Amino acid sequence: MRALVLVAAFALSACGPMVVGGGGGEQTEAETTTTAPATPSGPPAQVAIAPGEHPEACVTETVFLPNAPSGAKVYSVAGGDPAINGLYTYIAAYNNEPGGGWNVFQIGDFNSWSVAEDRGSEIVLAVSRSQMGQNGDIETLQERYIVSVPDADDTSITITPAT
């Protein structure tokens, strides 16, 4: 039962906003020292398949935006043909209001993407996107977009093509 509670606590912590700061990412000597292999210290817990659909299982990448005041993140889910624009890409900001949660905005469908710049109120997203050419061949484009980072209560964002 204790293991099930730990699993649930870990899963729920992944849904909330990221808290920037704290430990600084440095490991202490005790954390880097190798210890004896782990051995069981109690009975194992059996965990059944969680009921319902779980779209979060399709998440391929998440980038938290540390310069955004809203705890924003960019993420993608696998959803299409992996060879042609198979990453449905979103930006989301956490709404702290009662009954809030994540406000999610779809940026586009890409082969790949990366956050090239984090300017706080906007990011530059570098993407690879495929399209059908005039002769029927698939052509791959390398593009950049300036994307406004939403505040917790925004209802829209702007996406601007960039050079």
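Structure first, text after, so check above.
Here's what I pulled together on the structure shown here.

Procedures and definitions
- Residues numbered from 1 in each chain as written.
- Predicted model: local features only at pLDDT ≥ 70, side-chain atom pairs only at ≥ 80, totals over all residues.
- Heavy atoms only, no water.
- Pairing = 2+ DSSP bridges.
- Helix = DSSP H or I, 4+ residues; strand = E, 2+ residues; numbered from the N terminus.
- Axes fitted to C-alpha atoms, helices over the stretch in contact; angles between N-to-C directions.

**Overview of the sheet that holds strand S1 (residues 59-64)**
The pairing of strands in a sheet happens through backbone hydrogen bonds and is either parallel or antiparallel.
For step 1, the next point in the chain: Strand order in the open sheet formed by four strands is S1-S2-S3-S4, with antiparallel pairing between adjacent strands. The strands lining the two open edges of the sheet, one partner per strand, are S1 and strand S4 (101-110). Here the strands of the sheet are splayed against their neighbours by 20 degrees on average, with no regard to which way each runs.
For step 2, the next point in the chain: Bridge count between strand S2 (residues 73-78) and strand S3 (residues 87-95): six bridges; the pairing is antiparallel. When the sheet's bridge partners are listed, Val 77 is paired in S3 with Tyr 88.

**A word on the sheet that holds strand S6 (residues 122-132)**
For step 1, the next point in the chain: Sheet architecture is open: four strands sit in the order S5-S6-S7-S8, paired in antiparallel fashion. Unpaired on one side and paired on the other, strand S5 (112-118) and strand S8 (159-162) mark the two borders of the sheet. On average, each strand axis in the sheet is inclined to that of its neighbour by 35 degrees, with strand direction left out of account.
For step 2, the next point in the chain: Of the strand pairs in this sheet, S5 and S6 are connected by six bridges, and their pairing is antiparallel. Considered in S6, the bridge of Ser 112 is made with Ser 128.

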